[in-house]
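What follows is the residue order along each chain.
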Amino acid sequence: MSCVSPHVPDRRQPGCKKLEWFKPTDGARVRVVAWTCDCLAMVYELCQAGGQGFIRCTLQNEDAPEIRETHRWPIAQACEVWAALLTGMAR
């Protein structure tokens, strides 16, 4: 079976932007608009909530998943960061 969703590159590109990761905020309704393949332990999702966008990162552990989220940006900026993540220019 082949993967359908994209994968984040193994290697960071020179000049890669370091993203800050925070504990998820509770309570807001979140819409997931894009995601990476779940065949790897680390899964990323581009999310929208309250007119803003952010990236959610889930480490699929055996015991319980570890979830982190980025800062929230205007949706257009979040999409730019998502594109950078998929090309190895952000991590």
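Residues numbered from 1 in each chain as written. Predicted model: local features only at pLDDT ≥ 70, side-chain atom pairs only at ≥ 80, totals over all residues. Heavy atoms only, no water.

Enquirer: What should I look at first to understand the nonpolar core in this one?
Expert: In summary, soluble globular proteins display a tendency toward joint burial of nonpolar side chains. Tyr44, Leu46, Ile55, Trp82 and Leu85 are the most contacted members of the largest nonpolar core, which has 14 residues in total. Breaking this core down by element, the ones donating at least two residues are β2 (42-49), β3 (52-59) and α1 (75-86). Here this core takes five residues from α1, the largest share from any one element. Contacts of Ile55, omitting those with residues within four sequence positions, involve Trp21, Tyr44, Glu45, Leu46, Arg68, Glu69, Thr70, Trp73, Val81, Trp82 and Leu85. (Core = buried A, V, L, I, M, F, W, Y, C linked by side-chain atoms within 4.5 Å. Buried < 20%, exposed > 50% of the residue type's maximum accessible area, 1.4 Å probe, protein only. Helix = DSSP H or I, 4+ residues; strand = E, 2+ residues; numbered from the N terminus. Contact = heavy atoms within 4.5 Å.)

Enquirer: Hey, could you run me through the pattern of salt bridges in this one?
Expert: Two side chains that carry opposite charge are able to pair once their charged atoms sit near each other. A full pass over the atoms with the stated rule returns three salt bridges. In this structure, Glu45 engages Arg56 in a salt bridge whose closest nitrogen and oxygen atoms are separated by 3.5 Å. Here Glu45 is found in strand β2, whereas its partner Arg56 is found in strand β3, with 11 residues between them in sequence. We note that Glu45, like Arg56, is buried. Here Glu69 and Arg56 are joined by a salt bridge, their closest N and O atoms 3.3 Å apart. Separated by 13 residues along the polypeptide, Glu69 in strand β4 (residues 66-69) and Arg56 in strand β3 bring together distant segments of the chain. Of the two residues, Glu69 and Arg56, both sit in the buried class. (Salt bridge = Lys/Arg side-chain N within 4 Å of Asp/Glu carboxyl O.)

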